[in-house]
Structures are given as C-alpha cells and as structure tokens.
Amino acid sequence: MDKLDQELEKLKRIHDKHSQQNPKQEHPKRALVGVAPLRGNSLDTQWVAAMEIGSPPQEFSVVFDTGSSDLWIPSTSCQTLTCMTLRRFNPARSSTFHQDGRPWSINYADDSKVSGVLATDNIKVAGITINDQTFGMASVNSGSTAATGVDGIMGLGFNSNSEMGNVNTPITNMILQNQIDQPIVSVWLNKASDQDASLSNGGQFIFGGVDPSLYVGPITYVPVTSSKEWQISIDQVFIGRKELSLSSAASSAIVDTGSSYILFPDYLATAFHRAIPNSQYDSKLGWWIPCSLANSRSVGDLTFVLGGKKFSVPLSDIVILKSAFNNYCLSAIDSWQELAGHGGQSGILLGDLFVKNQYVVYDYQKEQIGFAEKVDMAPGGINLNAKSIAGSGWDALRASSRDFQVLAMALGGVLSFLFANVL
C-alpha cells in the first residue's frame, strides 16, 4: 500500500471510529462549498482574501498558496518595523486560543523567512468555520508578502509537505469537520485589466467544488506526478507556432498560486525570448521585450499542451512594466537563474501569470489538476465578481462569502471523510 492509500485509509478509520462512538453527533450530508472572494492588484502579482481567527474574530488578509502547506499570520510578539505595519494576532483577545508552543520556521524560494511558535484557534475563511486549527504565529517575518501589506499565507498544499510538523492543513480539517464534501479547490482569477479601479472583484477560490458558470467546455485533468507538490507533466510548449524543445526535467511543472509569474530553467527562458524579435537580456533585470509587441499578433501566444489540450498565455500578459525605457518592457517569464540559490532548478513553475488565464481545479483525493477555458467575467452562479461589492472593503467581502456558501455545483463523487495527503 503506497503513502496515498495509507493516508486515505487512516482518514477513513478516523471517520468510521467517530461515527461509531458518536452516532447522534454525525453531521448530515450537506453538499456545501465555501467561496472566498479576492482582491487583486494593478500588476496582477497578488490576489488576497479575508480570514478571521479567534473569538471574537480578528481579521487578516492572506494569500492562498498551493505551493506551500502551512497557515501563518504575524502575532503581537513580532515587533519589527515590517510587522508593525501589518495586522497582528493578539492571543490574549481570543477566548478559544490554545498555546501549542512548538517552534516553526519556513524559508521561501525568494529567500524570505518567517518563524515563530504554533497555536490553535478557530478560523473562518470562505464562509467556513474550522475549529481548533493549528497555525503559526510569526514573531519573525521577512516575507515578501509583508512588503505588500499582506498579513499572512494559507498553504493549500498537502499535509505531508507541511514544514510545521504533524499538523493538519485547513483543507484537511474542512473535510474532517464536514465543512465541504469534496476535497477540491477551484480557482478563478480576474485580471486587473478586467476589473474596476478598486480591484476588489479579483476573482474567487471555491472550497469543495467547481462553478460551471466560470468556465466553458470540458475540464481536462492531468495527474499529479510528485509526492511533494502540485506537479504535473507537460506535453509540449510553443511560442506562437514555434515549439520549444523540452529536456526531460523541464517536462514537468508546478502549478503554484503563490507565485506571480512563470519560471523556466535558464536554457528554456533563453530559447523562449530568442523566439521573440529583438528581445534583450540584462544581467540585473532579466529579459526585456519590445513594448510594441504587447498587442502584436506577429509572435503569438505562449502555449502549454497539458493532457493533450492547449492552454495559452497571451503575449500581452507577458509584457509587463510598460515604460518609455528605449521602448522596451520587462518580461514576466523569468529564469530560475534570477533567484539566488535556485539556478539549478530544472523544471517549470506556472504561477499566477498562467493560472489567471485558465480555470484551475486542484483535486486532492484523485491527485490531479484540472484546466478549462475560463470566462472573462462571471455570468452567473456564485458570481462573487459582482460590482455590488467593489470597493466596499473586507467586511463586504466577508459577508459576501457567507451569503454565497451555496449548494455545490461540483462534479464527481462525494467523499466527505477522505482527503489525500500526497505530499
């Protein structure tokens, strides 16, 4: 029996034992999903959601990160200048707080670091209340999210990839506490170009299912190929009609909502930009592309073939930081060489630059990621992209999340007690 089967069997035994010992306390089947509305920013580099922790609730902004598995927010013990600009959790104000005390520390790919001690409390996110969730209280926070005013990170990775030890992720606890019926998270990110000036209608994360009004056509599912991350195989990569040669290592990609852009190994980043006329490389800033190509059809899109289907990123999204600097613009396709200490990475990282152009489904139990053609604006259904919440702040986003905890439109089997910890 492999690790996935062992984890599934473990959760099933827990569920069965609870059912036998507490037959009158068994929750009825509800088929609910939870919806978290998002705020974007003008550069499409970050989407954040509201979260509440403690009793009475203390409110925080978090990034949903499929590239990590831990939940943390700064606490009042963090006294740095960076922390003082953020909302910090005060354990003394919560009647449901319990000190854990175990130390934790996380180093991210951009060399930022957070550390502190563990605690447990009730949290509320996407209209879902999770009881006794273990999370990190950061007393040290040099994270890149802090520099943008975001309080913390909620990891959507697998249990076994947690850097906090033997800790259930919020997704695991949502399943075990019968808050959602399917171990699925689906993502619809709205581009800044499609939002109003407030950037409050930034999209949504759906916990427990999918919303058919947010995509058209079928969902193409691709199996996860790593025991540690949301990694899949790539069939082919094109820029326009030109196919880029992939090494065996570069034939896999991590689909990461916690990263802004797309990262290629150095050889592939070079091949991609050389296929774009007059691109130039700067050792300090990376690749530059003529701004005039942003809306040109002469080059074509960056296209990934996944599960035999094509999913594209338009060149207009890759040409960023438009300026009059010799009519050149910065490219959103980076090389791992640009990240100190990561030059040896040989795979591909598909960050929000890719995710915002698709409808993406993370299926924990079946170990697969689904991709479909997204709609540009939500036409109906859950439709938390409504203009009525634009610019109205976190309270309105939170209220909308509660109001739209709806009957699932999710597809597939319903297994309320199963969660696949495959990392």
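None of the values given here were measured: they were computed from a predicted structure. (Residues numbered from 1 in each chain as written. Predicted model: local features only at pLDDT ≥ 70, side-chain atom pairs only at ≥ 80, totals over all residues. Heavy atoms only, no water.)

1. Examining the UniProt feature "active site" (unreviewed entry) in the protein chain
- Mapped onto this structure's residue numbering, the UniProt feature "active site" (unreviewed entry) falls at D65 and D256. These residues run over 192 residues, yet every pair of their C-alpha atoms falls within 6.8 Å of each other.
- When you line up the elements, D65 lands in strand β3 (residues 58-65).
- Those residues in contact with D65 that lie beyond four places of it in its chain are Y108, I153, M154, G155, L156, G157, D256, T257 and G258.
- Along the chain, D256 falls in the loop between β15 (252-255) and β16 (262-264).
- Apart from residues no more than four positions distant in its own chain, D256 is found in contact with D65, T66, G67, L349, L350, G351, D352 and Y362.
- For D256, the side chain forms a polar contact with the main-chain nitrogen of G258, separated by 2.8 Å. (UniProt positions renumbered as here; feature names shortened; annotations may be inferred. Helix = DSSP H or I, 4+ residues; strand = E, 2+ residues; numbered from the N terminus. Contact = heavy atoms within 4.5 Å. Polar contact = N/O pair within 3.5 Å; in protein donor to acceptor, adjacent residues only side chain to side chain.)

2. With respect to the nonpolar core
- Residues F64 and F207 are the most contacted members of the largest nonpolar core, which totals 82 residues.
- Sort the elements by how many residues they give to this core and strand β7 (residues 128-141) lands first, with four residues.
- Residues V33, W188, V210 and Y359 belong to the second largest nonpolar core, which totals 13 residues. (Core = buried A, V, L, I, M, F, W, Y, C linked by side-chain atoms within 4.5 Å. Buried < 20%, exposed > 50% of the residue type's maximum accessible area, 1.4 Å probe, protein only.)

3. Some details on the state of the cysteines
- If you walk through the whole model with that rule in mind, you get two disulfides.
- A disulfide bridge connects C78 with C83, and the sulfur atoms are separated by 2.0 Å. Linking C78 and C83, the disulfide has an S-S dihedral of approximately 75° and is accordingly described as right-handed. The exposure classification of C78 matches that of C83, with both residues buried.
- Paired through a disulfide, C291 and C329 show a sulfur-sulfur distance of 2.0 Å. Taking the torsion about the sulfur-sulfur bond, which here is approximately 110°, the covalent link between C291 and C329 counts as right-handed. In this pair, C291 sits in the loop between β18 (286-290) and β19 (302-306) while C329 sits in strand β22 (residues 328-331), placing the two residues 38 residues apart along the sequence.
- Here the protein chain pairs its bonded cysteines, counted in sequence order, in the arrangement 1-2, 3-4. (Disulfide = S-S within 2.5 Å.)

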